[in-house]
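# Examination of the molecular architecture
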Amino acid sequence: MADDSGAAFEVGQTGLIVPIPEAEPILRGWRDRLDPSAEAGVPAHVTVLYPFLGASRLDARVDSALADLVGRHPAFDLRFATCGRFPDVLYLVPEPDEPLHRLTRSIVERWPEAPPYGGRFTETVPHLTVAQGRQEPVLDAIEADLAGTLPFTSHVTAVELMVYDGTRWRERASYPLGG
């Protein structure tokens, strides 16, 4: 769950993601080498909210509220057909992105003290990070390599709560989307 700034993860940080298992065979080699979140145990994913509440704040009430809130959103499909860029970052663009925006908005409305990316950006862009911290020629080469593997589709059925323990990100809970 990269924050796309290269900053180190902190013990007790949490994040909410939608895993994209269909991306693993396509991106694993790139992500394992060029995405710090993959190295720290996060599967291929699109971030819903990072950082979320600190691990010390996670309790039965938060768990119940997340389950209820996420369950109000229907499952959805995402298609990944193109790459996008942030400075020094290559990512896959999820389409449509509105179901992801709705999830993020509803969670932030419930926990306004947890704005996306700590409030550093005025607009969030849903994305699946492939590589970060690399210069344009490297990202160009990766994008060219990926061209033959796109598009692919993923059926999103859950939001996962991940917690960083100082060494790895670990799944703490999975919240199913509604039917």
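Whatever comes next refers back to the structure up there.
One structure accompanies this document, and this report is about it. All values reported here derive from a predicted model rather than from experimental measurement.

### Quick notes on the sheet that holds strand β8 (residues 169-176)
Within the open sheet, the four strands sit side by side as β2-β1-β7-β8. Their pairing is antiparallel. Because the sheet does not close on itself, it has two edges, and the strands there are β2 (45-49) and β8. With strand direction ignored, the average angle separating the axes of adjacent strands in the sheet is 35°. The pairing of strand β7 (residues 158-164) with β8 spans seven bridges and is classified as antiparallel. Directly across from V163, in β8, lies its bridge partner R170.

### Describing the environment of L58
Mapped onto the fold, L58 is located in the loop between β2 and α3 (60-71). Exposure remark for L58: the relative accessible area of 10% places this residue in the buried category. For L58 and R172, which are 114 residues apart along the polypeptide, the C-alpha to C-alpha distance reads 9.9 Å. What L58 contacts, discounting residues up to four positions off in sequence, is T14, F52, L53, L161, V163 and R172.

### Brief notes about the nonpolar core
Judged by nonpolar contacts, the single largest core of 46 residues is most densely connected at I20, F52, L92 and W111. Per-element accounting of this core gives the leading share, five residues, to α3. Ignoring sequence-local partners within four residues, the contact set of I20 consists of A44, H45, V46, L78, F80, L128, F152, S154 and V156. Counting residues in each nonpolar core, the second largest holds nine residues, with A40, Y117, Y164 and W169 among its members.

### Quick word on the pattern of salt bridges
Where side chains of opposite charge bring their charged atoms close, a pairing between them can arise. The full count for this structure, using the stated rule, is nine salt bridges. Residues E136 and R85 are paired through a salt bridge, measuring 2.5 Å at the closest nitrogen-oxygen approach. Here R85 lies in strand β3 (residues 76-86) and E136 lies in helix α5 (residues 136-146), a separation of 51 residues in the sequence. Residue class for E136 comes out partly exposed when judged on its relative accessible area of 40%. Among the residues examined, R85 registers a relative accessible area of 27% and is labelled partly exposed. Between E98 and R105 there is a salt bridge, and its shortest N-O distance comes to 2.5 Å. For E98, a relative accessible area of 33% corresponds to the partly exposed category. What you see here is one network of salt bridges that share partners, running through R85, E136, D140 and E143.

### Looking at the environment of I20
Of note, I20 is situated in the loop between β1 (14-19) and α1 (24-34). When the C-alpha positions of I20 and L128 are compared, they lie 8.6 Å apart, and in sequence the two are 108 residues distant.

### Considerations on α1
Taken as a whole, α1 has its buried residues at E24, L27, W30, R31 and L34. Each buried residue of α1 lies within a common arc of 150° when the element is viewed along its axis, so the set occupies one face. Turned more than 90 degrees off the buried face of α1, the exposed positions are P25 and R33. For α1, the elements touching its buried residues are α2 (36-39), β2, β4 (89-95), β5 (128-132) and α5.

### Considering helix α4 (residues 98-110)
The end-to-end C-alpha distance of α4, which contains 13 residues, comes to 18 Å, matching closely the 18 Å that a straight helix rising 1.5 Å per residue would cover. What α4 keeps buried is the set P99, L100, H101, L103, T104, S106, I107 and V108. On its buried face, α4 sits against β1, β2, α3, β3, β4 and β7.

Cut-offs used in this document
The numbers attached to residues start from 1 for each chain and follow its sequence in the written order. Predicted model: local features are reported for residues with pLDDT of at least 70 only, side-chain atom pairs are reported and counted for 80 or more only, and whole-chain, interface and lining totals are derived from all residues. Think of the side-chain values as coming from all heavy atoms in the structure, minus any hydrogens and water. Two strands pair if DSSP finds at least two bridges between them. Labels follow the DSSP assignment, with helices taken as runs of H or I lasting at least four residues and strands as runs of E lasting at least two, numbered in each case from the N terminus. For helices, the fitted axis covers only the stretch in contact; all axes are lines through C-alpha atoms, and the angles between them, taken along N-to-C directions, range from 0 to 180 degrees. Here the term buried applies to any residue with accessible area under 20% of the maximum for its type, exposed to any over 50%, and partly exposed to those in between, with areas from a 1.4 Å probe on protein chains only. Residue contacts are counted whenever heavy atoms from the two residues lie within 4.5 Å of one another. Take the buried Ala, Val, Leu, Ile, Met, Phe, Trp, Tyr and Cys residues and link them wherever side-chain atoms come within 4.5 Å; each set so joined is a nonpolar core. For this document, the term salt bridge refers to a Lys or Arg side-chain nitrogen within 4 Å of an Asp or Glu carboxyl oxygen. It is the directions from the helix axis to the C-beta atoms that the arc portrays. Every helix has an expected span of 1.5 Å times one less than the residues it contains.

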